[in-house]
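Summary of structural features
Chain by chain, the residues run as shown.
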Amino acid sequence: MMDAFLLALGGVTEPYTLMLMAVATFAGIVAAAIPGFTITMAIVLTLPLTFAMPPMQGIAVMLSVYVGGLSGGLFSAALLGIPGTPSAVATTFDAFPMARSGQPGRALSLGLFASFVGSLISIVVLIVAAPPLALLAVKLGPWEYFALIVFALTIIASLVGDSLLRGLIAGLIGIGIATIGPDPLMARERFTFGYELLTAGIPFLVVLIGMYAMSQLLSELEPTSASQQASSSSLVSGDMRPHLWDVVMSTLRKPFNIVRSSLLGVFIGAVPGAGSSISNLVAYDQAKRASKHPETFGKGEPEGVVASEAGNSSTVGGSLIPLISLGIPGSPADAVLMAAIMVHGISIGPRLILDHPDLVYSMFIAMAVASFFMLFIGILMMRAFMRLLNVPKYIVVPVVLACCAIGTYTLNNRLSDLYLLAAIGTIGYLMKKLDYPLAPLVLGVVLGPIAETNLRRAFQTSADWTLFFTRPISALLLTLAVVSVAYSIYSYIRQRRLLAQRAEAAQNSAYQDGVSQE
Amino acid sequence: MERKSPDAALVPTLQLASYVVLATGAIFMASRAGSLPASRWEPMGAGTFPQLIFSSIAVLCVAAFIMELAKRGIPRTTLHSAWRRLVALKSVLVNLGLFIAYMISMPFAGFILGTFCYLLLAQLFLAPRRPVTLLIVVGVALLFSIGPYYLFADVFSIYLPRAKW
């Protein structure tokens, strides 16, 4: 174990790797700071660059982009009032008013320091939680694994999007897409309809790039109020000094907020389907509820900035818990990380930590190192980021689309993947316009083959289907899946009722106003 | 509860149409899966799992269709609304068209020429009409067409498509 740790430490702290990680962290921050450019997109576009690297170095570079990206949204949130990524929505509430009131440097420092502490806390939890969970997972049979995937899929569908049914349909479409090509056990060709293009199946990274990056980029070209806000908003001005010592002391004097927000982030990150886009809002909400002066939230309250940033950055460690210990990616970004590891010929699953402990330790170390880079690069380059945020959309969108094409081609050096990208991107955009959540679809593509493999293995072992319900862990997971669906139906109905009540109240007050004006 | 304006009814109408298209596609795929030969070595053949998934999609689409109609009635939109929405999405559609043309032309035009033309046209369409932006547009198109080609070839030994003529 010590050997593996030292091997990982030596690998990650090589000067060339450290330099690449610093560049990757910077790239992650810049990418996430540009509105419309998500963390997943940044990680996807980094993937082809890591093909030529040794596995440890490649994973370290991608994790650096991930860690940098989770704090990058802070810059556009604080300086433009637009969350660069969905994970920085709650940051906008207080960081922007704080920056507008002449303290942009302090707002950024608070966010960066909170992100740093959040990342470190999440790494500690990951180190403590992942190995024992993996040791337990090694003992699971195909019945338990299948039940686990079913559970993960129900959570994904219930947490993403406005409509439960459309979420479930999207997840199943993802699984359906994954069945095209050779079947995972016998390699029998399915649904190729004689097209050579489909013989090898549809690579899930092409689906991921098409569905996520392309549809998101095309949406950025739509005329929206957000883009109008971006073009009309003037940059904030004022004190750009970081005041780091003051920020550190003021944050550590009230440690409860940052620790609570980080732990919430870790927990939400560990649940498949939930991620930083949810955790920042939940952490912010909890900080507001716990505050003695909730009325200051939304007006530049430092605790709000700390809660949101600690909440979103700490999801990185949490989301790696199911990936490392069970081989299940909790979010599209983790799915790309999983692909990056698999591209290097390393299989993902509970045996990862047993067979490649050096790689897993290098992930822990790389995340910690990237957190330090994120803090220092963020603090040192605050002024430069203000300029970078002004890159116009007419450059960003076509250039990133071209980068998507490069990423797709370099995966397998196959031109036919480019046609698939164009087709999947178009379908993804249409689905997005029709309000189908895309995250369940992408995760369905990843989880589908695992589900099929385990279901068929279970039946190969024994034709008795009742084993799914009589084996305790499998039964527990399937019960949790049913509870998850029932709970999401209940929350959906409650949410609809609340919305209807609010709409009715708004109509009544508008009517009252009309009457009083008359 | 019917949608009041044709504009508001456009997306629900398209959603209903999407349920029909998806359900039809799913039924077709489920039937194809059913025709895959069974395995001698396992109770579940290669077609059982996909059949289960596509049948579930069809059932969910039918359920979503019925629930939508029961809850909100038939949405009434007009072709005029659809046309207006399409015109509003002009930038997206032109860019998507350019991107598809870029993907199709890549094997013949090669990466450098294809990317240069795509970036030039897409940026020219989106950028404000000013002399300085023309310079920026050409510079960006040159940088991001030639740059990645040589970066991948020389640093990563990955060769992006070359022109065939």
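Remember, predicted model here, so these are calculated numbers, not experimental data. (Residues numbered from 1 in each chain as written. Chains lettered and ligands numbered in written order. Predicted model: local features only at pLDDT ≥ 70, side-chain atom pairs only at ≥ 80, totals over all residues.)

1. Comments concerning the overall build of chain B
- Broken down by element type, chain B carries 5 helices and 0 strands.
- Along chain B, helices and strands appear, N-terminal first, in the series α-α-α-α-α.
- Relative to a compact globule of 165 residues, whose C-alpha radius of gyration would be 15 Å, chain B shows 24 Å and is clearly more extended.
- The principal-axis extent of the C-alpha atoms belonging to chain B is close to 60 × 55 × 25 Å.
- Among the 165 residues that make up chain B, the fraction classed as buried is 30%.
- Here the analysis covers contacts within chain B between residues at least 6 apart in sequence; of these, 64% occur between residues at least 24 apart. (Helix = DSSP H or I, 4+ residues; strand = E, 2+ residues; numbered from the N terminus. Rg over C-alpha atoms; globule rule 2.2 N^0.38 Å. Buried ≥ 20, exposed ≤ 12 C-beta atoms within 10 Å, placed from the backbone. Contact = placed C-beta atoms within 7 Å.)

2. Remarks on helix H1 (residues 6-34) of chain B
- Between its terminal C-alpha atoms H1(B) stretches 41 Å, which fits the 42 Å expected from 29 residues at 1.5 Å a residue.
- Taken together, the buried positions of H1(B) are occupied by Ala9(B), Pro12(B), Ser18(B), Tyr19(B), Leu22(B), Ala23(B), Ala26(B), Met29(B), Ala30(B) and Ala33(B).
- Packed against the buried residues of H1(B) are helix H8 (164-178) of chain A together with helix H2 (48-72) of chain B. (Expected span 1.5 Å × (residues − 1).)

3. Description of the packing of helix H6 (residues 104-138) of chain A against helix H12 (residues 255-270) of chain A
Residues and elements named next belong to chain A.
- Between H6 and H12, the least distance of the axes is 9 Å, while the angle of their chain directions is 55°. Looking at the two axes, H6 sits oblique to H12. Note on packing geometry: the crossing formed by H6 with H12 is right-handed. Contact residues: Ala114, Val117, Gly118, Ile121, Ser122 and Val125 in H6; Ile258, Val259, Ser261, Ser262, Leu263, Gly265 and Val266 in H12.
- Residues of the contact of H6 with H12, tallied by class, amount to 8 nonpolar, 5 polar and no charged. (Axes fitted to C-alpha atoms, helices over the stretch in contact; angles between N-to-C directions. Parallel < 35°, antiparallel > 145°, perpendicular 65-115°, else oblique. Left-handed = near helix turned anticlockwise from the far one by under 90°. Nonpolar A, V, L, I, M, F, W, Y, C, P; charged D, E, K, R; others polar.)

4. Brief notes about the UniProt feature "transmembrane region" (unreviewed entry) in chain B
Residues and elements named next belong to chain B.
- What UniProt calls "transmembrane region" (unreviewed entry) maps, in this numbering, to residues 9-29, 49-70, 82-102, 108-127 and 134-152.
- In residues 82-102, the share of helix is 95% and the share of strand is 0%. The end C-alpha atoms are 27 Å apart.
- Secondary structure content for residues 134-152 is 100% helix and 0% strand, and the end C-alpha separation is 27 Å. (UniProt positions renumbered as here; feature names shortened; annotations may be inferred.)

5. Points about the nonpolar core
- Core analysis: the biggest nonpolar cluster contains 207 residues, and Leu208(A), Val336(A), Ala366(A), Val442(A) and Ile57(B) have the highest contact counts within it.
- Built from parts of two domains, this core gets at least three residues from each of domain 1 (6-83) and domain 2 (90-154) of chain B.
- In contact with Ala366(A), not counting residues within four places along its chain, are Val12(A), Met21(A), Ile59(A), Ala60(A), Leu63(A) and Ser64(A). (Core = buried A, V, L, I, M, F, W, Y, C linked by C-beta atoms within 7 Å. Domains from an automatic or database assignment.)

6. As for the environment of Ile328(A)
- Mapping Ile328(A) onto the fold places it in the loop between helix H15 (315-326) and helix H16 (332-343).
- Separated by 180 residues in sequence, Ile328(A) and Leu148(A) place their C-alpha atoms 9.3 Å apart.

7. Focus on the interface of chain B and chain A
- At the interface, 50 residues of chain B touch 46 residues of chain A.
- Per-element tally for the side of chain B that touches chain A: the top contributor is helix H4 (residues 90-126) of chain B, with 15 residues.
- Looking at side-chain class alone, the side of chain B that touches chain A contains 39 nonpolar, 9 polar and 2 charged residues.

8. Regarding the UniProt feature "domain: DUF1468" (unreviewed entry) in chain B
- The UniProt record marks residues 17-161 of chain B with the feature "domain: DUF1468" (unreviewed entry), using the residue numbering of this structure.
- Structurally, residues 17-161 of chain B is divided into 79% helix and 0% strand, and its ends, taken at the C-alpha atoms, are 39 Å apart.

9. Quick notes on the packing of helix H2 (residues 15-33) of chain A against helix H3 (residues 39-50) of chain A
Residues and elements named next belong to chain A.
- Interhelical geometry of H2 versus H3 gives an angle of 140° and a closest axis separation of 9 Å. Classified by the interaxial angle, the pair formed by H2 and H3 is oblique. Here the hand of the crossing between H2 and H3 comes out right-handed. Residues Ala24, Ala27, Gly28, Ala31 and Ala32 of H2 lie in contact with H3, whose contacting residues are Ile39, Met41, Ala42 and Thr46.
- The residue makeup of the contact of H2 with H3, split by class, is 7 nonpolar, 2 polar and no charged.

10. Observations regarding unusual backbone geometry
Residue and element names in this part refer to chain A.
- One non-glycine residue, Ala187, lies in the positive phi region at around 60°.
- Looking at the element boundaries, Ala187 is found in the loop between strand E1 (181-182) and strand E2 (189-190).
- The exposure class assigned to Ala187 is exposed, which follows from the 10 C-beta atoms found within 10 Å.
- Unlike most non-glycine residues, Asn413 shows phi in positive territory, near 55°.

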